[in-house]
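These are the residues of each chain, in order.
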Amino acid sequence: MRSFLKPVAGVFCLVALACAGCSSGSGSGSGSESSSGDGGNGGTSTAQAQPPKPTSTGPAAGESTTGYAPYVSATTASGLDSAGSASAYNLAFVLADGSDCTPMWDGSKAIGDSAVKSRIAALTDSGATVRVSFGGAAGTELAQSCDSASELAEAYGEALDAAGASEADFDIEGDALKDSGSVNLRSKAIALLQKDRPDLSVSFTLPVMPSGLGDDGMALLDSANDNSVQVSTVNIMTMNYGSSYDGDMGDYAEQSAEATHDQLADIFGLSDSAAWRGMALTSMIGQNDVDEETFTVDDGAQVREFAEEKGIGWVSMWAAFRDRQCGSDDSSSGAARNDCSGVEQEEGAFAEVLSG
């Protein structure tokens, strides 16, 4: 998903389920400017990680287990943040301070910035949790700047502590996804972090195609397995597939999820239902970065219905601050904008349908 540098439910452990049960609860998950190739082959996890302690007693009979967790700006409040019924918010994004191993909000604001702390406090007033999202499509992810796993783990931990969060999202795409060195360093750092923070929930947000995760995404999950990372959720960015994909975006989201489901079942050794529960879906609402792709409010309703039917962990969107119709003076060449959806809609309409 985009970083702001460019204009324009609970814990569920995939790895642990290969050898032990894990509790489910509420949770959340970003959209991508880049797309990946066709899915690759995965191996079977040999990790012997212990599942975290249950964090809830589970939903009441008939209640949906699918959470709603939109991506929001970590630094700038929007009147659309509270639309829908968010169980969690994904704070986008924490990046490196240039080439230094120093975490910064959007790569520009100090991690201890008082205004950001006030912003986070306002988001959690409703009872929702916050998940710190590291990475995005622009800027430098910390794993590409830090020299050691211990240094990287410390940087991640500093950001989590600043937000008061026990959930971390790693939105890895573009060059960062292809950089095997930083991928492996990140896996080692997350494993260290989880050793010190046993309750830390980790999600990976990855680009996808209707055919599933690409080879690079699968390699990242293999790296996590090899380093005994407890992966709570794999959040796929159902967007920006390419100019040849000019069909229905709701249908493409379902196809992407079906293909990824089989990959997750294989790489983590999961049952059918467990693979669904360990997945999240993030859509780029309205006009995508690919001209031929437009995700409508009806597509959002379709994705929500599909997610509930399959028991998917949570759904999300890029992004809350885009959940409004562009004004007459906002339209340009039809390209995706960073502050409105580019489709006809009521304010907060996507949040309403995606939250169910």
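Residues numbered from 1 in each chain as written. Predicted model: local features only at pLDDT ≥ 70, side-chain atom pairs only at ≥ 80, totals over all residues. Heavy atoms only, no water.

As annotated in an unreviewed UniProt entry, the protein chain carries the name Hydrolase and comes from Streptomyces acidicola.

(A) Up close: the nonpolar core. Leu91, Trp105, Val132, Phe134, Phe204 and Leu221 are the most contacted members of the largest nonpolar core, which totals 86 residues. The biggest single contributor to this core is helix H2 (residues 149-163), with nine residues. With near-sequence residues (within four places) excluded, Leu91 lies in contact with Val72, Ala74, Trp105, Ile120, Leu123, Val130, Arg131, Val132, Ser133 and Ala163. Within the second largest apolar cluster, 11 residues are counted, among which are Tyr71, Phe93, Met284 and Phe321. (Core = buried A, V, L, I, M, F, W, Y, C linked by side-chain atoms within 4.5 Å. Buried < 20%, exposed > 50% of the residue type's maximum accessible area, 1.4 Å probe, protein only. Helix = DSSP H or I, 4+ residues; strand = E, 2+ residues; numbered from the N terminus. Contact = heavy atoms within 4.5 Å.)

(B) Here's a closer look at the packing of helix H5 (residues 215-226) against helix H6 (residues 249-268). Taken N-terminus to C-terminus, the directions of H5 and H6 make an angle of 30°; their axes are 11 Å apart at the nearest point. One element, H5, and the other, H6, form an angle in the roughly parallel class. In this structure, the crossing between H5 and H6 has a hand that is right-handed. The segment H5 lies against H6, with Met218, Leu221, Asp222 and Asn225 engaging Gln263, Leu264, Ile267 and Phe268. (Axes fitted to C-alpha atoms, helices over the stretch in contact; angles between N-to-C directions. Parallel < 35°, antiparallel > 145°, perpendicular 65-115°, else oblique. Left-handed = near helix turned anticlockwise from the far one by under 90°.)

(C) Geometry of the state of the cysteines. Tallied over the full model, the rule gives two disulfides. Bridging Cys326 to Cys340, the disulfide has an S-S length of 2.0 Å. On the S-S bond that ties Cys326 to Cys340, the torsion sits near 90°, and the link is right-handed. Highlighted residues: Cys326 in the loop between strand E13 (314-318) and helix H9 (349-355) and Cys340 in the loop between E13 and H9, separated in sequence by 14 residues. According to the relative accessible area criterion, Cys326 is buried, its value standing at 18%. (Disulfide = S-S within 2.5 Å.)

(D) Representation of the pattern of salt bridges. All told, the structure shown has nine salt bridges when counted by the stated rule. In this structure, Lys310 and Glu258 form a salt bridge, with 3.7 Å as the shortest nitrogen-oxygen distance. Linking Lys310 in helix H8 (residues 297-310) with Glu258 in helix H6, this pair joins segments that are 52 residues apart in sequence. For Asp339, the salt bridge identified is with Arg324, shortest N-O distance 3.9 Å. Taken together, the residues Asp339 in the loop between E13 and H9 and Arg324 in the loop between E13 and H9 connect sequence positions 15 residues apart. Taking the relative accessible area as the measure of exposure, Asp339 reaches 27% and is therefore partly exposed. Accessibility expressed as a relative area gives 23% for Arg324, which makes it partly exposed. Several salt bridges converge on common partners, so that one network encompasses Arg324, Arg337 and Asp339. (Salt bridge = Lys/Arg side-chain N within 4 Å of Asp/Glu carboxyl O.)

(E) Layout of the environment of Asn288. With respect to the helices and strands, the residue Asn288 is situated in the loop between strand E11 (286-287) and strand E12 (294-295). Separated by 48 residues in sequence, Asn288 and Asn240 have C-alpha atoms that sit 6.2 Å apart. Excluding residues within four positions of it along the chain, Asn288 makes contact with Met239, Asn240, Met249, Glu293, Phe295 and Ala336. Engagement of the side chain of Asn288 in a polar contact is seen with the backbone nitrogen of Asn240, the distance being 3.4 Å. (Polar contact = N/O pair within 3.5 Å; in protein donor to acceptor, adjacent residues only side chain to side chain.)

(F) Expanded view of the packing of aromatic side chains. Counted by the stated rule, this structure contains 13 aromatic pairs. Between the aromatic rings of Tyr156 and Phe170, the centroid separation amounts to 5.0 Å while the plane-to-plane angle is 70°, which identifies the pairing as edge-to-face. Pair noted here: Tyr156 is in helix H2 and Phe170 is in strand E7 (residues 167-171), with a separation of 14 residues, a long-range link. The pair formed by Tyr156 and Phe170 is uniform in burial state, with each residue classed as buried. (Phe/Tyr/Trp six-rings, centres within 6.5 Å; stacked < 30°, edge-to-face > 60°.)

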